[in-house]
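Residue strings, one per chain:
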Amino acid sequence: AFFLWPCGLYLFSRTPESCERWLCMLPIYWSRNEYGKEPEKIPEKRWRHVWPLVSVCDDYAQKTSTIRGLDLIPFKRPGVFERNYTPFLTLFQVTNTEKGMSFDILWGFVRCTDAERTSGFAIGPFYMQKIDRDRDSFECDVLFGLVQVTSEREKTSCRLFYLLDF
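Here is a short report on the structure shown in this document. (Residues numbered from 1 in each chain as written. Predicted model: local features only at pLDDT ≥ 70, side-chain atom pairs only at ≥ 80, totals over all residues. Heavy atoms only, no water.)

1. Section: the overall build of the protein
Condition: Comment: elements are numbered from the N terminus, with helices defined as DSSP H or I runs of at least four residues and strands as E runs of at least two. Here the term buried applies to any residue with accessible area under 20% of the maximum for its type, exposed to any over 50%, and partly exposed to those in between, with areas from a 1.4 Å probe on protein chains only. Note on contacts: a residue pair is in contact if any heavy atoms of the two residues lie within 4.5 Å. Note on areas: these come from Shrake-Rupley sampling with a 1.4 Å probe, and a residue is covered only by the protein chains present in the view. A residue counts as positive if it is Lys or Arg and as negative if it is Asp or Glu; His and the chain ends are not included. One atom stands in for each charge, and that atom is NZ of Lys, CZ of Arg, CG of Asp or CD of Glu.
Across its full length, the protein carries one helix and 15 strands. Seen through its C-alpha atoms, the protein measures out along the principal axes to roughly 70 × 30 × 20 Å. Out of the 166 residues in the protein, the part that is buried amounts to 27%. Intrachain contacts of the protein at a sequence separation of at least 6 include 9% that bridge at least 24 residues. Just so you have it, the protein exposes about 11,200 Å², and 63% of that area is on carbon and sulfur atoms. Placing the 22 positive and 22 negative side-chain charges of the protein at their respective mean positions leaves the two points 4 Å apart.

2. So, the pairing of strand β14 (residues 155–160)
Defined as follows: The pairing criterion is simple: DSSP has to find at least two bridges between the two strands.
Examined bridge by bridge, strand β13 (residues 147–152) and β14 share six bridges and lie antiparallel to one another. Bridge pairing in β14 links valine 149 to cysteine 158. Taking the residues that link successive antiparallel strands as the turn, the β13-β14 hairpin has two residues, and the phi of arginine 153 there is positive, at about 40°. Of the pairings in the sheet, the one linking β14 to strand β15 (residues 164–165) comprises two bridges and is antiparallel in character. Bridge pairing links leucine 160 to leucine 164 in β15.

3. Re the side chain of asparagine 33
Definition in use: Here a polar contact means two N or O atoms within 3.5 Å. Within protein one must be a hydrogen donor candidate and the other an acceptor candidate, and residues neighboring in sequence count only if both atoms are side-chain atoms.
Note on placement: asparagine 33 falls in strand β3 (residues 29–35). Look at asparagine 33 and you get buried, because its relative accessible area is 13%. A distance of 3.4 Å separates a polar atom in the side chain of asparagine 33 from a polar atom in the side chain of arginine 46. Once residues lying within four places of it in the same chain are set aside, the contact partners of asparagine 33 are Cys19, Glu20, Arg21, Pro43, Lys45 and Arg46.

4. Remarks on the state of the cysteines
In plain terms, the rule: Defined by distance alone, a disulfide is two cysteine sulfur atoms within 2.5 Å.
The full count for this structure, using the stated rule, is zero disulfides. For the unlinked cysteine cysteine 19, the closest cysteine sulfur is that of cysteine 24, found at 18 Å. Accessibility expressed as a relative area gives 1% for cysteine 19, which makes it buried.

5. Section: the pattern of salt bridges
Rules: The salt bridge criterion pairs a side-chain nitrogen of Lys or Arg with a carboxyl oxygen of Asp or Glu, the two atoms within 4 Å.
In total, this model carries eight salt bridges according to the counting rule given. Linking aspartate 134 and arginine 117 is a salt bridge whose minimum nitrogen-to-oxygen distance equals 3.3 Å. A residue pair is termed long-range when its members are at least 10 positions apart, and aspartate 134 in the loop between β11 (127–132) and β12 (137–142) and arginine 117 in the loop between β9 (110–115) and β10 (118–123) qualify at 17 residues. Since its relative accessible area comes to 46%, aspartate 134 is described here as partly exposed. Linking glutamate 152 and arginine 135 is a salt bridge whose minimum nitrogen-to-oxygen distance equals 3.8 Å. Of this pair, glutamate 152 sits in strand β13 while arginine 135 sits in the loop between β11 and β12; the two residues are 17 residues apart in sequence, bridging distant segments of the chain. The class of glutamate 152 is partly exposed, set by a relative accessible area of 37%. Using a relative accessible area of 45% as the deciding quantity, one classes arginine 135 as partly exposed. In this structure, a network of salt bridges that share partners links the residues Glu20, Arg32 and Glu34.

Below is the structure:
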């Protein structure tokens, strides 16, 4: 069904396995909901995009949510495109899962992760920090690893200029 053609579009498709609803207000807004067999229930996946500002992907089956800011790609991406080119075309990305969260800003230059057992923070190649809660360890690298500090339970070591261990 078309309304306000060519600027608006509403589509509903049903197969024996799933249902999909599309709502588009071109060129600014896209929304896609994927349902199981019954479209009256909460969707299994939901994708919304306000181009070029933000896109939100919710996967209720896997309990994940991804928010991308300054998302310059005006369509839902297939898997290969998602892995290879999305980091270059989004300013920031936040992903929440049942087990933790991660975000990156400035095309992956600043990264942060936090999960049940590990967490980490990095600013490009200049600073990196990892914490492993299972092994009770901490690792920090500064300036491409020129200064490295590692701590595990009762042992702490420091390495300077890739050679000098303390």
